[in-house]
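Coordinates in review
Residue-level listing of the chains:
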Amino acid sequence: MSGPVQEQGEIFDVTKVGDYLQFTVVAPGVAQSYRPGQFVAVAVGGPDSSMLLRRSFALYGVKPGGEYAGTIQFVVAAKGRGSQWLLAQRAGARLDLVGPLGVPFPLPRESVPAVLVGGGYGTAPLLPLAEHLIAAGSEIELIVGASTASRLFGELAAKRLIGSVTVTTDDGSAGQRGWVTDPLPSAIERLGAEIVYACGPMGMLRAVGEVAAAHAIPAQVAVEESMACGIGVCMTCVLPVRGEDGLTRFLRSCVDGPIFDASRIRWADVGTLPADVLGADGM
Amino acid sequence: MSGPVQEQGEIFDVTKVGDYLQFTVVAPGVAQSYRPGQFVAVAVGGPDSSMLLRRSFALYGVKPGGEYAGTIQFVVAAKGRGSQWLLAQRAGARLDLVGPLGVPFPLPRESVPAVLVGGGYGTAPLLPLAEHLIAAGSEIELIVGASTASRLFGELAAKRLIGSVTVTTDDGSAGQRGWVTDPLPSAIERLGAEIVYACGPMGMLRAVGEVAAAHAIPAQVAVEESMACGIGVCMTCVLPVRGEDGLTRFLRSCVDGPIFDASRIRWADVGTLPADVLGADGM
Amino acid sequence: MTAATESSTGPGEQAVDMRTSLASFQLPNPVLTASGCAAAGRELGQFFDVAELGGVVTKSIMLKPRSGRPTPRMAETPSGMLNSIGLQGPGIDSFIANDLAWLKQAGARSVVSIAGHNTEEFVNLAKRLYNHPIDLLEVNISCPNVESRGQVFACDPTASARVISAVRRAANPNVPIFAKLSPDVTDIGLIARSVADAGADGISLINTLLGLVIDLDTMRPALGGVTGGLSGPAIRPVAIRCVWQVHQAVPHLPLLGMGGIKTGADALQFILAGASAVSVGTAIFNDPHAPVRILAELQAELAARGFASVTEAVGFAHRAVAEQEEFFASRKLGVGA
Amino acid sequence: MTAATESSTGPGEQAVDMRTSLASFQLPNPVLTASGCAAAGRELGQFFDVAELGGVVTKSIMLKPRSGRPTPRMAETPSGMLNSIGLQGPGIDSFIANDLAWLKQAGARSVVSIAGHNTEEFVNLAKRLYNHPIDLLEVNISCPNVESRGQVFACDPTASARVISAVRRAANPNVPIFAKLSPDVTDIGLIARSVADAGADGISLINTLLGLVIDLDTMRPALGGVTGGLSGPAIRPVAIRCVWQVHQAVPHLPLLGMGGIKTGADALQFILAGASAVSVGTAIFNDPHAPVRILAELQAELAARGFASVTEAVGFAHRAVAEQEEFFASRKLGVGA
Ligand SMILES: Cc1cc2nc3c(=O)[nH]c(=O)nc-3n(C[C@H](O)[C@H](O)[C@H](O)COP(=O)(O)OP(=O)(O)OC[C@H]3O[C@@H](n4cnc5c(N)ncnc54)[C@H](O)[C@@H]3O)c2cc1C
Ligand SMILES: Cc1cc2nc3c(=O)[nH]c(=O)nc-3n(C[C@H](O)[C@H](O)[C@H](O)COP(=O)(O)OP(=O)(O)OC[C@H]3O[C@@H](n4cnc5c(N)ncnc54)[C@H](O)[C@@H]3O)c2cc1C
Ligand SMILES: Cc1cc2nc3c(=O)[nH]c(=O)nc-3n(C[C@H](O)[C@H](O)[C@H](O)COP(=O)(O)O)c2cc1C
Ligand SMILES: Cc1cc2nc3c(=O)[nH]c(=O)nc-3n(C[C@H](O)[C@H](O)[C@H](O)COP(=O)(O)O)c2cc1C
Ligand code: FES
Ligand code: FES
């Protein structure tokens, strides 16, 4: 596996999907070594911008070859200044990209039944994962949720791919009212799932991890921590993660993640300095 | 005369003229009270820009009424980051404008023969001045100069307006080789000029002032000092100017200028702190 | 005092009482101009009514007319600018006759900033202003002290205290005096305590940071004055840190916060960190309407967070989480503003 | 030492000799990474060959493994960022075994940054590194001194001098030691002179400025560590001013300049102000190729101005105009580089 590259990608297409814009960008270098779960870091604001830091986006589609060869896709939600700038870019403009970054979702050696759970635009990276799993012969189910219908992503693509998809919304404006964790237990049981994959807000990931743990199966989750560099050099993006040796370390979510085993993340301690984290006594 | 306004002007047209771009912007508020010699201050880089300060541009055409009603025109040369940004803007985009700013060229009460001297894009503000003078029955001549042909501005418009125009370039690529001050004495003499108006680089303005002084006539020149605010509140844009009382003061070129009587500017002392400037003893 | 700026209701928003105070000076709202960035208000009067602001802080005035430094006097920097104006001004007599008179007839609240080369000059300025109708005296001690080989007063707790106590004695006792501090010190809390002990009624902060830019054409310092003062959004995190530290050092003193405020959200950061009011400086060069725009934005930001008044928000970020939550819980139970 | 980076000729450009030195450390070119912005070089090695740089300055290492501060650890600010990492790191033993070993096999020049809670820890770090092949020791004294109620060493000339003289005695005498200074002091020249007297072979500057951002969602400080360090182009004018002042205070000491360098033109400003080499920090987060890009740009900027070597440009902005003109006049008469 070759590493990340930096390249100037030309925007090929921008499509509105619910509240989001889906970007298709010609970026053969990023596309080449991509695996599901990885992300791309995009410079925002142009050369004279007051915004120094890149914004990260989970990679959705990637076409290393064939039609649209060398393109990548990602989905952008409106938040602060950086995303607003990106949302104003149009086809033909160039984006300064670094990627693919982060570790991919771990794939089972053999086919295993799996439930995939996406929150909001978090569904995006799950769809290429679903493709891989299906190609490997795994049986899968997908649950997608959001606060409201317009914040759902990937429902149609998922239906095309998997045949069916379970939808939840907080306000009941689409699918069943409630959270993704409501239909999750029965999906795990129905499928006899041996693994759960999830991407979405931190609260959701934690809850998904708890459901998986209750079923004694692992959950691999993609976290979204604030990142200054995205490439592992700055140490801003750390999470308290319990290692195989039982020791908790602050791990960088950009290079040691963004995919973590949910049971290893000390969710309750995120944003604190647990006394038993490695090196806390050195502070 | 009403004062300056701040408005969001839509770019109506951008036209390449030699090395410059000529902007036509819908800005009825700025257009309304404009007089030749005034300028407009344009915010650059957009809301998230690292560039805080406006860039000033001498107003060229202004159409307060009639066809293109409420439009202003100015001419932009490529220099640093701000002008580069402006040069990348296209019709339809909006510019945040403050204007009209500064004092206009003083107009004679009656018709007087006048020579107008423009250097580079400095010709731009002289053309509306020429229109005024002609309308008032003054006989005028225009001399335009630049380092090279592509840096000339307004030749054609001037020809249409005045019938003839004298051109000089440093490299001889258009008109006669040399400086605008070469043909100036004979123009003054030919016309029996009673005043010279000029706009261009500081060195040229100083030289024009000296020629006018040698002919015992005034020269009204438009200076270009680095300005932080453009509206008179910051005191960055000062020049040592001798007053009627014989005292030299640091005057703000944005509100006390940009038009000054060349003989009052202490050219040799620009960028120094002359011991006899008002308040130098208070330092 | 304009009713419109004091408290107004937007669509779906609660009214926010924008009144605040800087010691005994009562302001209809907490947005002022910063010294040296609004001259004496007249030029801004072309864009909006300066009486709508909390106050106009005038450019630091000295006893005698002052030429200021040679040009170039400014350089643009990333999200900021460097200036070396050198306190160009007409001197106190002309200031009183023209500028102060203009502000009075415009109905604006006047905060007069004074600067001197030594303690005596500060004292004489305070005396000259004794009988004039000013609302607050801002003592700009971020200027060189000729008695101390040019070291800036505000960099030395003793020199700072000496000026402030002398000005406090000389000035009209009805006019609060604020010491304006420089961020270029090792311990701003120390300076704050020393001016507080010397009798300052409040503190203005921050003045510019000392900076330098090399002009790559001349390969020499870009400014005529060699070094200059850095201002604008670039310095905002330093300014908020200073407000935070000084609020902790002298919690009983009101603070006038400034440094890189460009939006109402920026102003709110200063207020949450402990400022009772804010000054808008460099942002004016970018947007001559900045002070009134920021005032409107600040009011909306406060309303969106459920504050009924500015004063409730002053220093709010210092409170414990539990205390913050309790405040909003009681607010929801209450009858609104 | 790569010939390509040492001196190369572009179209119409003279060759520029990019070699420079930091005391006895000879560098093929003057561009290094800044401590804490490049880890120990390995991750950047994915983007370019770190041996092409003047050197890699590693993240400040302490004796024991260190967790660093709780998250959030950063906030973006106008043309800058605030960080409160809190020196997370594996401790000196793991650093030597893994990071230093990697840098050596990569052929990179290593500048090791060390940090301690007290003088003894600094001394022990210097001893641990005594027999390892390092090119320069950067002593990060911009960290809290537990022996002085947490005051930062670099804010106190005496504490700074004590650390530096102790480290100078303990470290391998063949390795130059540089003191890294904080800009958050009243008089950086004073600190510079005191570390120079204590035996520093050179000075690195500047570290970050202390800043604070309030998160308007939580209405509390945005960073887990409350305050943080401000870096990026926003602070560049302050950094250049510090380099300028320290060059005047200790003209005989080589300086490693940093703070907001994003382009070769920025780097040139530091060199003209007196830096013999520069470190690139925050710009790496924006552009992982920044150090090599800046190196190429710097070379072009020097060539465009007629310099035959980097060393000719060091401190050039301090020279009198006449001297500058004479230099270029003689350059034109000469045979080029
Ligand atoms: C691994 C990863 C994958 C991501 N994938 C997506 C995606 O597919 N689609 C999408 O819309 N967004 C995604 N994000 C969030 C995205 O990177 C931006 O953070 C978000 O768009 C907000 O940036 P802004 O400039 O609009 O907000 P601002 O408030 O201007 O951001 C200021 C700073 O805070 C950081 N920040 C703000 N909000 C977040 C957040 N929620 N998470 C992390 N950092 C934040 C920003 O990155 C920036 O550095 C992802 C983030 C990470 C770390
Ligand atoms: C009254 C007035 C009228 C002007 N009219 C025109 C015009 O008609 N056409 C045109 O192309 N330009 C004109 N200029 C110059 C213009 O305002 C910009 O300064 C110029 O475009 C360079 O800006 P920049 O952002 O490209 O360069 P940068 O180097 O990025 O500018 C940095 C800062 O320096 C200032 N600066 C740089 N060069 C100059 C200069 N030559 N004069 C004054 N300030 C400078 C900039 O305004 C800015 O604040 C005028 C300036 C003034 C003061
Ligand atoms: C051009 C200019 C002139 C200034 N003149 C003064 C002054 O005369 N007296 C003073 O106390 N502060 C002066 N300042 C500092 C400002 O009042 C303010 O403290 C500082 O600029 C930070 O605020 P800002 O970032 O909003 O500009 C000046 C600032 C600028 C930019
Ligand atoms: C995320 C981050 C971590 C840093 N860690 C260290 C450190 O461990 N030791 C140190 O001496 N400086 C550290 N610094 C300061 C930089 O080395 C540098 O002095 C400062 O950031 C200014 O340079 P810049 O603007 O180019 O980043 C750190 C800076 C940043 C942004
Ligand atoms: S974002 Fe820099 S280490 Fe992860
Ligand atoms: S540019 Fe501010 S006073 Fe002239």
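Fair warning: this is a prediction, and the values are worked out from it, not measured in the lab.

1. Topic: the site of ligand 3
Residues and elements named next belong to chain C. Neighbouring residues of ligand 3: 22 residues in total, closest Ser-35, Ser-60, Lys-180, Gly-260 and Thr-282. In this structure, Thr-282 approaches ligand 3 through a side-chain N or O atom, which is 2.5 Å from an oxygen atom. Within the complex, 98% of the 590 Å² of free accessible area of ligand 3 lies under protein. Residues that form the shell around ligand 3 fall into these classes: 7 nonpolar, 13 polar and 2 charged.

2. Some details on the interface of chain D and chain C
Every contact between the two is made by 46 residues of chain D and, on the other side, 46 residues of chain C. At the boundary of chain D with chain C, total buried surface from both sides reaches about 3700 Å², with 66% on carbon and sulfur atoms. For chain D, the biggest contributors to the area lost against chain C are Thr-186, Leu-216 and Met-219 of chain D; these three give 19% of the whole. Counting across the interface, chain D meets chain C through 2 salt bridges. When the shortest N-O distance is used, the salt bridge between Arg-241 of chain D and Asp-184 of chain C registers 4.0 Å. Across the contact surface, chain D and chain C share 14 residue pairs in polar contact (both at pLDDT 80 or more). Broken down by secondary-structure element, the contributors of at least two residues to the side of chain D that touches chain C are strand E11 (209-211), strand E13 (220-221), helix H6 (236-249), helix H7 (264-273) and helix H11 (321-333) of chain D. Top contributing element to the side of chain D that touches chain C by residue count: H6 of chain D, with 7 residues.

3. Remarks on the environment of Asp-201 of chain C
Residues and elements named next belong to chain C. Looking at the element boundaries, Asp-201 is found in the loop between helix H5 (188-197) and strand E10 (202-205). When its relative accessible area of 23% is taken as the criterion, Asp-201 is described as partly exposed. Counting along the chain gives 51 residues from Asp-201 to His-252, while the straight-line C-alpha distance between them is 9.6 Å. Among residues more than four places away in sequence, those in contact with Asp-201 are Ala-23, Arg-168, Val-175, Pro-176, Ile-177, Phe-178, Leu-253 and Pro-254. Polar contacts involving the side chain of Asp-201 include one to the side chain of Arg-168, which spans 2.6 Å.

4. Some thoughts on the relation of the copies chain B and chain A
Both copies of the chain are related by a screw-like operation: a rotation about an axis and a shift along it. When chain B is fitted to chain A, the best match, at an RMSD of 0.0 Å, comes from turning it 180° and sliding it 0.0 Å along the axis. Overall, the copies show the geometry of a two-fold rotation axis. Take the interface residues of chain B: 100% of them recur as interface residues in chain A, which is what a same-surface contact looks like.

5. Some points on the packing of H6 of chain D against H7 of chain D
Residue and element names in this part refer to chain D. With their axes 8 Å apart at the nearest point, H6 and H7 run at an angle of 20° to one another. Taken together, the axes of H6 and H7 are roughly parallel relative to one another. Seen from above, H6 lies across H7 with right-handed handedness. Taken together, the residues of H7 that come into contact with H6 (itself represented by Arg-236, Ala-239, Ile-240, Val-243, Trp-244 and His-247) are Asp-266, Gln-269, Phe-270 and Ala-273. Across the contact of H6 with H7, the residue classes tally to 6 nonpolar, 2 polar and 2 charged.

6. Here's the deal with the domain arrangement of chain A
Residues and elements named next belong to chain A. Annotation of chain A at the domain level lists domain 1 (5-101) and domain 2 (114-269). The distance between the C-alpha centroids of domain 1 and domain 2 comes to 21 Å. Listed as interface residues are 20 residues of domain 1 and, on the opposing side, 21 residues of domain 2. Summed over both sides, the interface between domain 1 and domain 2 buries roughly 1700 Å², with carbon and sulfur atoms accounting for 67% of that surface. Together, Tyr-20, Pro-36 and Tyr-60 form the three largest contributors to the area buried by domain 1 at its contact with domain 2, with a combined 32%. Taken together, the links from domain 1 to domain 2 amount to 2 salt bridges. Taking the shortest distance from any N to any O, the salt bridge between Lys-79 and Glu-224 comes out at 3.4 Å. The interface formed by domain 1 and domain 2 holds 6 residue pairs in polar contact (both at pLDDT 80 or more) in total. Elements that contribute at least two residues to the side of domain 1 that touches domain 2 include exactly strand E2 (20-26), strand E4 (55-63) and strand E6 (94-101). When residues of the side of domain 1 that touches domain 2 are assigned to their parent elements, the largest contribution, 4 residues, is made by E4. Of the residues that constitute the side of domain 1 that touches domain 2, the class distribution is 13 nonpolar, 4 polar and 3 charged.

7. Observations regarding the interface of chain B and chain A
Taken together, the contacts link 5 residues of chain B with 5 residues of chain A. With both sides pooled, the region where chain B packs onto chain A buries about 420 Å², and carbon together with sulfur makes up 39% of that total. In terms of surface lost to chain A, no three residues of chain B exceed Asp-48, Ser-50 and Arg-81 of chain B, which account for 85% of the buried area on that side. Between the two partners, chain B and chain A, sit 2 salt bridges. The tally of links between chain B and chain A comes to 4 residue pairs in polar contact (both at pLDDT 80 or more).

8. Re the site of ligand 1
Every one of the 19 residues lining ligand 1 counts as a neighbour, but Arg-55, Ser-56, Val-75, Gly-80 and Ser-83 of chain A are closest to it. Flanking ligand 1 are residues from chains A and D. One of the backbone nitrogen or oxygen atoms of Gly-80 of chain A is found 2.7 Å away from an oxygen atom of ligand 1. Residue Glu-224 of chain A places a side-chain N or O atom 2.9 Å away from a nitrogen atom belonging to ligand 1. Notes on ligand 1: free accessible area 840 Å², of which the protein chains cover 82%. Those elements that place two or more of their residues in the shell around ligand 1 are E4, strand E5 (71-76) and helix H2 (81-87) of chain A.

9. Considering the packing of aromatic side chains
Going through the model one piece at a time under the given rule, you end up with 26 aromatic pairs over all chains. Centroid distance Phe-307 of chain D to Phe-327 of chain D: 5.9 Å. Interplanar angle 35°. Geometry classified as tilted. One end of the pair, Phe-307 of chain D, is in the loop between helix H9 (290-304) and helix H10 (310-313); the other, Phe-327 of chain D, is in helix H11, and 20 residues separate them in sequence. For the pair formed by Phe-307 of chain D and Phe-327 of chain D, the shared burial category is buried. Ring geometry for Phe-327 of chain D and Phe-328 of chain D: centres 5.0 Å apart, planes at 85°, overall edge-to-face. With relative accessibility at 13%, the residue Phe-327 of chain D sits in the buried group. Given the relative accessible area of 19%, Phe-328 of chain D is considered buried. For the cation-ring pair, Arg-73 of chain C lies above Phe-250 of chain B, with the distance from its terminal atom to the ring centre recorded as 5.1 Å.

10. Considering the sheet that holds strand E1 (residues 5-17) of chain A
One closed barrel accounts for 6 strands, arranged E1-E2-E5-E4-E3-E6 (chain A); its pairing is antiparallel. This sheet shows a mean twist of 45° between the axes of neighbouring strands, independent of strand direction.

Reading the values: the criteria
Residues numbered from 1 in each chain as written. Chains lettered and ligands numbered in written order. Predicted model: local features only at pLDDT ≥ 70, side-chain atom pairs only at ≥ 80, totals over all residues. Heavy atoms only, no water. Near = heavy atom within 4 Å. Polar contact = N/O pair within 3.5 Å; in protein donor to acceptor, adjacent residues only side chain to side chain. Areas by Shrake-Rupley, 256 points an atom, 1.4 Å probe, with all protein chains shown as cover. Nonpolar A, V, L, I, M, F, W, Y, C, P; charged D, E, K, R; others polar. Contact = heavy atoms within 4.5 Å. Buried area = accessible area lost by both parts, 1.4 Å probe. Salt bridge = Lys/Arg side-chain N within 4 Å of Asp/Glu carboxyl O. Helix = DSSP H or I, 4+ residues; strand = E, 2+ residues; numbered from the N terminus. Buried < 20%, exposed > 50% of the residue type's maximum accessible area, 1.4 Å probe, protein only. Least-squares fit on C-alpha atoms with pLDDT ≥ 70 in both. Axes fitted to C-alpha atoms, helices over the stretch in contact; angles between N-to-C directions. Parallel < 35°, antiparallel > 145°, perpendicular 65-115°, else oblique. Left-handed = near helix turned anticlockwise from the far one by under 90°. Domains from an automatic or database assignment. Phe/Tyr/Trp six-rings, centres within 6.5 Å; stacked < 30°, edge-to-face > 60°. Lys NZ or Arg CZ within 6 Å of the ring centre and 35° of its normal. Pairing = 2+ DSSP bridges.

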